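Architecture at a glance
Residues per chain, in single letters:
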Amino acid sequence: MVADEGEQTPSIARVYDYLLGGRDNHPVDREIGDHFKVNLPGSVAIAHTNRGALIRAVRTLARGGIRQFIDLGSGLPTAEPVHQVAQRHRPGAAVVYVDTDPTVLTHGRALLAENGSTALVKGDVRDPGALRHHPEVERLIDLGQPVGIILSAVLHHLNDDEDPAGIVRYWAELIAPGSHVFISHFRSGHHEETEAAQAKLIDTFGRGRWRTDAELHALFGTLTLQPPGIVPAVRWRPDPSEEIRTPTVWEQLIAAGLARKA
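Here the structure is a predicted model, which is why all the values come from computation and not from measurement. (Residues numbered from 1 in each chain as written. Predicted model: local features only at pLDDT ≥ 70, side-chain atom pairs only at ≥ 80, totals over all residues. Heavy atoms only, no water.)

So, on to the pattern of salt bridges. Pairs can form between side chains of opposite charge whenever their charged atoms are close. In this structure the tally under the stated criterion is 14 salt bridges. Two residues, Asp101 and Arg14, come together in a salt bridge whose shortest N-O distance is 3.2 Å. Residue Asp101 is found in the loop between β2 (94-99) and α6 (102-112), and its partner Arg14 is found in helix α2 (residues 12-19); the two are separated by 87 residues along the sequence. On the accessibility criterion, Asp101 (9% relative accessible area) is buried. Among the residues examined, Arg14 registers a relative accessible area of 2% and is labelled buried. Across the salt bridge formed by Asp124 and Arg126, the nearest N and O atoms sit 2.7 Å from each other. What makes Asp124 partly exposed here is its relative accessible area of 27%. Here the residues in one salt-bridge network are Asp124, Arg126, Glu162 and Arg207, joined through shared partners. (Salt bridge = Lys/Arg side-chain N within 4 Å of Asp/Glu carboxyl O. Helix = DSSP H or I, 4+ residues; strand = E, 2+ residues; numbered from the N terminus. Buried < 20%, exposed > 50% of the residue type's maximum accessible area, 1.4 Å probe, protein only.)

Right, here's the structure in full:
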């Protein structure tokens, strides 16, 4: 059998799935993942600490009353997906996942088939206007009520000319007061190994840029950052049971922040 295009080309979502211990990936994705595991082993912590911050953010919002979420550039809904976390703390919470990867769409829809409060739609984060009017978004999300917008580890895959700040601004202007935007993003590093990791990712996928702290703050625009601000993901509202420690060089490379629309 000839491999299809999705099996021949590495996918950001599937490499991430592999690093998190998932099984919905292809040999070409595992090859990239193994490069990080073998040659830059500390980098694997980035995927895990980012996922942990996302889970804590969704939990925080659901406990705070948010009943609907849009997860932009979601990847595969595995490893404690957003809808499971949200619905555990806010039964009936609605979640729309958005991605373009064929494997994400096929496997994700199968996983979500029996959950009427969730949907996985094909859409490009760079075209928020089309997403706003997608039938599944209109079915599940009431933009007149507070919503949680999630941009977890996605904006660093966009080039500057794709205007990541403008994408955030579009949603910030659209959502109701009381809504929140969660962003996690690669921070620029000044270390030989971390710069090698950045170069490998950009060379593999041919796009993206890691950004400075000032640039990360600018992404949130006029939204009000919530405590503790933009910090390494591992330090973003850690569980009380978690050991408080200094983040490793690698863990400092993925930052997270949550902002509220007044």
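So much for the structure itself; the text now carries on.
Once that is clear, we can look at the confidence of the model for the protein chain. On average, the protein chain scores 88 in pLDDT, and the residues at 70 or more come to 94%. This stretch, residues 1-6, has a pLDDT under 50; its non-local contacts, to residues over four places away or in other chains, come to three contacts. (pLDDT = per-residue confidence, 0-100. Contact = heavy atoms within 4.5 Å.)

This brings us to the pairing of strand β8 (residues 254-260). Among the seven residues of β8, six are classified as buried, and the element is accordingly described as predominantly covered. The pairing of strand β5 (residues 180-186) with β8 spans seven bridges and is antiparallel. Within the sheet, the bridge partner assigned to Val181 lies in β8 and is Ala259. Relative to β8, strand β6 (residues 224-225) runs antiparallel, the two being bridged by two bridges. Bridge pairing in β8 places Thr224 opposite Arg260. Across two bridges, the pairing between strand β7 (residues 231-232) and β8 is antiparallel. Considered in β8, the bridge of Pro232 is made with Ala255. (Pairing = 2+ DSSP bridges.)

So, about the nonpolar core. Generally speaking, soluble globular proteins have nonpolar side chains that are buried together. Residues Val58, Phe69, Val82, Ile150 and Phe182 are the most contacted members of the largest nonpolar core, which totals 44 residues. For this core, the element with the most residues is helix α4 (residues 44-63), which contributes ten residues. Look past the residues within four positions of Phe182 in its chain and what remains in contact with it is Ala53, Leu54, Ala57, Ile149, Ile150, Leu151, Ser152, Ala256, Gly257 and Leu258. Judged by nonpolar contacts, the second largest core, of 33 residues, contains Ala94, Val125, Ile149 and Leu158. (Core = buried A, V, L, I, M, F, W, Y, C linked by side-chain atoms within 4.5 Å.)

Of all five residues in strand β4 (residues 148-152), five are buried, a share of seventy percent or more. Along β4, one buried face is formed by Gly148, Ile150 and Ser152 and the opposite face, lined by Ile149 and Leu151, is buried too. As judged from the three bridges shared by strand β1 (residues 68-72) and β4, these two strands associate in the parallel manner. Its bridge partner lying in β4, Ile70 is registered against Ile149. Read from β4 through helix α9 (residues 164-174) to β5, the crossover connection turns out right-handed. (Right-handed = clockwise from strand over helix to strand, strands pointing away.)

A few words on the environment of His157. For His157, the position within the fold is in the loop between β4 and α9. As for His157 and Arg207, which are separated by 50 residues in sequence, their C-alpha atoms are 6.0 Å apart.

By the element assignment, Asp142 lies in the loop between α8 (135-140) and β4. Looking at Asp142, the relative accessible area reads 42%, which means it is partly exposed. As a C-alpha pair, Asp142 and Gln68 span 74 residues in sequence and 8.0 Å in three-dimensional space.

A few words on the layout of surface pockets. For the largest pocket, the calculated volume is near 1,100 Å³. Secondary structure elements with two or more residues in the lining of the largest pocket: α1 (5-8), α2, α4, β2, β4 and α10 (192-205). Per-class residue counts for the lining of the largest pocket are 23 nonpolar, 13 polar and nine charged. Class assignment for the residues of the lining of the second largest pocket results in two nonpolar, seven polar and two charged. (1 Å grid on protein atoms, 1.4 Å probe; cavity = no way out; pocket = protein on both sides within 12 Å on 5 of 7 lines; lining within 4 Å. Points joined across faces, edges and corners; volume = space filled by probe spheres on them. Nonpolar A, V, L, I, M, F, W, Y, C, P; charged D, E, K, R; others polar.)

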